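Chain and residue survey
Letter by letter, the chains look like this.
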Amino acid sequence: MNTLNFTTGASWGKNKFNVQTGLNGIKTMLKYACLLLALMVVSADAWGADLTVNNDNNTTITKNTTYDNVTLKTGNRASYITIRNGATLTINKTLTIEAPTSDRDSRRKYIKVESGGKLIVNNVVFYNTTGDGYDSYIEIQNNAIVTVTGNITMNGGPKRNYILFSGNGTLNIGGTISGGGITRNSDGGNANTGTVNYTGVNSTTICIYRYYNLSLSGAKTYSSDGGVTIDGTLSMNENATWNFNGANTLNLNGPIECGGTLNVVNGTVYIGINAQNILKGTYNKLYFSSALTSAGHYNLCGDVTISSANFNNTYGTTFSTSYNIAFNGIGNPQNATIDANGGTVSYNGSQSLIKGTYNNLSFKSGTGLKTLAGNVAVNGQLTWPNGNISLGTYDFTVNPTKISNTTYNASHMFVCNGGGNSGKLIFQSSNSGDFTSRFVPIGIDTEYRPVTITSATVSGGIGKIGFAEVPESGTGSATDLQRYWKTTFENVSGVGATLNYKASDVPSGTDETTLKVSAYDGTEWNTCGGSVDSENHKINLSGGTPGCQCVTACEPVKTFYTYQTGNWSDYLTWTLDPSGQLKKNPGNVVPGAGSRVVILNGDKVIADGNGKKCMSMRIDNGGSISLGTTTNHDFGTVSGQGTIMLASDQFPAGSFNAFMENTGGTVEFNNSVNFNMPATINGVAKFNNLILNFTGTNTATLGRDLVVNGDFTIKKGTFQIGNDANGRTITVAGDMLVETNGKIT
């Protein structure tokens with residue numbers, strides 16, 4: 001029997017066969033010549049046989065060709081198959097790529113699918129090699145397609161067996177991929193082109209690789225149990241579901257096409273691009289990379305539930321959505337923004353609300369405190385069954401008719417806890433009637449103290465009325481009401497409201513019945529419409545307008561603050577600005593008997609005449625008033641920790657109790673003649689700090705007992721104890737200091 005051993009190769013001359021001589025030999029040669037002719041047209045719709053490409057051989061497929069099995073044999077020379085543009089190699093069963101025995105680049109075992117070429121195979125098996133660099137692979141060039149209906153099994157590592165994307169080709173996989181790697185070069189570099197498409201025909205397992213483009217084209221439920229990275233585009237069939245299982249990481253570094261559902265059960269999704277879609281589904285952890293160098297903008301493809309979100313991108317992350325989002329936990333919410341034109345955003349438990357515009361906002365049952373990470377506006381329904389919302393320094397805006405539960409109390413209110421920078425609860429509506437008889441449920445700490453809007457007229461567009469309560473003086477005056485309300489009045493007029501304060505907000509010495517409603521217009525406080533109900537401790541505001549920024553109740557008197565050191569009778573010494581920084585003295589006036597005086601730190605007021613009068617005087621630490629030898633002053637109630645200097649024994653009239661207490665100020669005598677030092681000042685038998693600093697060698701004689709709560713200092717002059725045979729008791733609670741030019745006799 002004559003046998004022909006033929007192996008398809010790059011050169012037909014390498015194929016040899018032996019035949020017998022003689023007539024039978026000639027017949028045999030003719031028979032094999034016909035066979036050879038048939039083999040030479042292998043490129044034209046070949047038959048379902050096996051193809052073996054031996055060591056140091058190669059085959060080029062130029063037309064559609066079919067085999068049952070194809071094997072690239074081991075050896076120390078290259079063996080490869082090239083599939084040209086327009087040609088399809090179909091392998092009904094298995095493609096086997098055996099291991100090379102040389103690590104030279106020119107001696108690899110591979111199949112190259114050129115642009116426009118196709119490879120269709122059931123299963124692919126790579127043999128492991130003896131080391132890195134002994135490469136066997138399938139190369140997919142631009143627009144080339146490889147379809148594996150079954151599995152790809154790579155028994156070697158990623159630098160031995162791999163799928164090489166040298167262009168934007170496609171690998172369709174119906175089964176699974178194991179071992180090896182998906183790469184762009186022989187050194188195992190991450191693929192930067194090409195698409196792996198899981199069709200779901202025979203398996204729905206997403207294998208653990210770093211992909212460039214990943215597609216799930218089957219209407220199937222896919223699953224994965226390990227970490228996956230996608231550097232390019234992720235696309236899914238609209239009816240596909242990917243269950244990402246285990247405590248692993250899914251890195252999404254490229255665009256995401258809307259379609260399908262992603263459920264991350266226990267793992268983490270890292271978003272590494274600053275503009276893309278977010279697939280509908282459930283996320284255990286959704287993190288946004290801190291490595292991003294610009295703001296991110298993300299569009300939700302459908303309803304999303306996020307157990308833990310972390311917005312690490314400090315440049316900002318914006319969610320645009322018309323679908324539902326449920327947050328169960330948020331990290332760094334200050335970096336995020338909601339831009340919703342539909343759907344409902346819900347929060348569970350004690351969380352910080354992401355700033356932005358909401359359609360519907362819902363809080364699940366629970367009394368946990370909600371805080372704001374920025375300004376929040378709700379255009380739709382607010383579902384708020386219970387618990388408090390802490391405003392901090394941000395505004396919360398909502399239509400008052402769209403709040404689900406309007407039974408308010410200390411456990412169900414908006415908490416104003418930002419002090420002078422507190423955010424406001426703002427009601428908005430285009431309908432004037434929506435504001436009428438409307439509670440603004442605000443309070444401080446555990447005290448619920450609502451504002452009641454009694455009337456308002458929307459004058460165009462969307463009207464806004466807002467309030468925040470601040471438990472301190474708005475004017476800076478210690479004699480005005482020690483509480484004020486920040487306000488927002490936009491596109492409204494004639495706002496009427498009732499504001500509640502506490503009796504303790506009225507300073508001691510202030511007549512509550514004389515208080516007047518006052519409003520701040522951004523420059524100064526002025527009396528405005530309304531009245532103060534001193535019996536019930538309420539402010540009844542009327543006629544509120546957009547120019548009104550704050551509301552309080554003030555004394556109908558002026559408080560003068562020092563603008564600089566100077567004479568009492570010089571108007572340049574005084575300002576109506578509580579900070580003392582702004583020159584604000586309309587009319588160029590000075591304090592009188594019906595005024596209050598505050599001498600600020602660093603300023604000194606000089607009494608340049610007799611008979612200076614005011615309702616009260618506060619001398620701040622570091623401030624002072626020098627009376628010299630002037631007399632007949634009346635400063636009303638005197639307080640503070642500053643200094644009163646005088647050169648006589650005639651102390652001003654007024655109440656000095658607070659000033660002489662151990663938290664009070666200092667009295668300094670600067671006399672130039674001998675005098676009897678008073679042991680009581682207007683009935684107060686004590687000093688806080690006392691200084692004797694005479695201009696000459698004169699003497700101050702003490703004719704009775706003396707009590708000093710703080711320090712007693714004799715800088716210059718003589719302090720004589722007693723003027724008769726009676727003993728004197730001097731009590732000094734602080735330090736007793738006699739300097740070089742001072743003495744005691």
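If you're wondering where the values come from, they're calculated on a predicted model, not measured in any experiment. (Residues numbered from 1 in each chain as written. Predicted model: local features only at pLDDT ≥ 70, side-chain atom pairs only at ≥ 80, totals over all residues. Heavy atoms only, no water.)

1. Describing the pairing of strand β53 (residues 538-544)
The condition is simple: When DSSP finds two or more bridges between a pair of strands, those strands are recorded as paired. Secondary structure is summarised from DSSP: a helix means a run of H or I of at least four residues, a strand means a run of E of at least two, and numbering begins at the N terminus for each.
Pairing of strand β49 (residues 492-500) with β53 involves five bridges; the strand directions are antiparallel. Its bridge partner lying in β53, A497 is registered against L541. Here strand β52 (residues 530-533) folds back onto β53, and the loop between the two strands holds four residues, one of which, H537, carries a positive phi near 55°.

2. With respect to the packing of aromatic side chains
Worth spelling out the cut-off: Centres within 6.5 Å make a pair out of two Phe, Tyr or Trp rings, where for Trp the six-membered ring is used; the pair is then stacked when the planes are under 30 degrees apart, edge-to-face when over 60, and tilted otherwise. The buried label applies to any residue whose accessible area, calculated with a 1.4 Å probe on protein chains only, is under 20% of its type's maximum; exposed applies above 50%, and partly exposed to all values in between.
Counting across every chain of the model gives 27 aromatic pairs. Where F319 meets F327, the ring centres are 6.5 Å apart and the plane angle is 10°; that geometry is what we call stacked. Both residues of the pair, F319 and F327, count as buried. Measuring from ring centre to ring centre gives 6.5 Å for Y347 and Y358, while their planes differ by 55°; the resulting arrangement is tilted. On the criterion of sequence distance, the pair formed by Y347 in strand β32 (residues 344-347) and Y358 in strand β34 (residues 355-358) is long-range, its members being 11 residues apart. A relative accessible area of 0% places Y347 in the buried class. In textbook terms, an aromatic cluster arises when at least three aromatic residues are bridged by ring pairs, as seen for F288, Y298, F311, F319, F327, Y347, Y358 and F363.

3. Comments concerning the sheet that holds β52
Filter applied, for reference: An axis is simply a line fitted to the C-alpha atoms; with a helix, the fit covers only the stretch in contact. Between two such axes, the angle follows the N-to-C directions and lies from 0 to 180 degrees.
The antiparallel open sheet is built from five strands, whose spatial order is β43-β46-β49-β53-β52. Edge positions in the sheet fall to β43 (438-440) and β52, since each of these pairs with one other strand and no more. Each adjacent strand pair in this sheet contributes to an overall mean axis angle of 20°, direction not counted. Direction of pairing for β52 relative to β53: antiparallel, over a ladder of four bridges. Within the sheet, the bridge partner assigned to D533 lies in β53 and is K538.

4. Digging into the sheet that holds strand β45 (residues 447-448)
Strand order in the open sheet formed by six strands is β33-β36-β39-β41-β44-β45, with mixed pairing between adjacent strands. What marks the edges here is a single partner per strand, and that holds for β33 (352-353) and β45. Here β33 pairs with strand β36 (residues 370-372) via two bridges, running parallel. The residue bridging L353 from the neighbouring strand is L372, located in β36.

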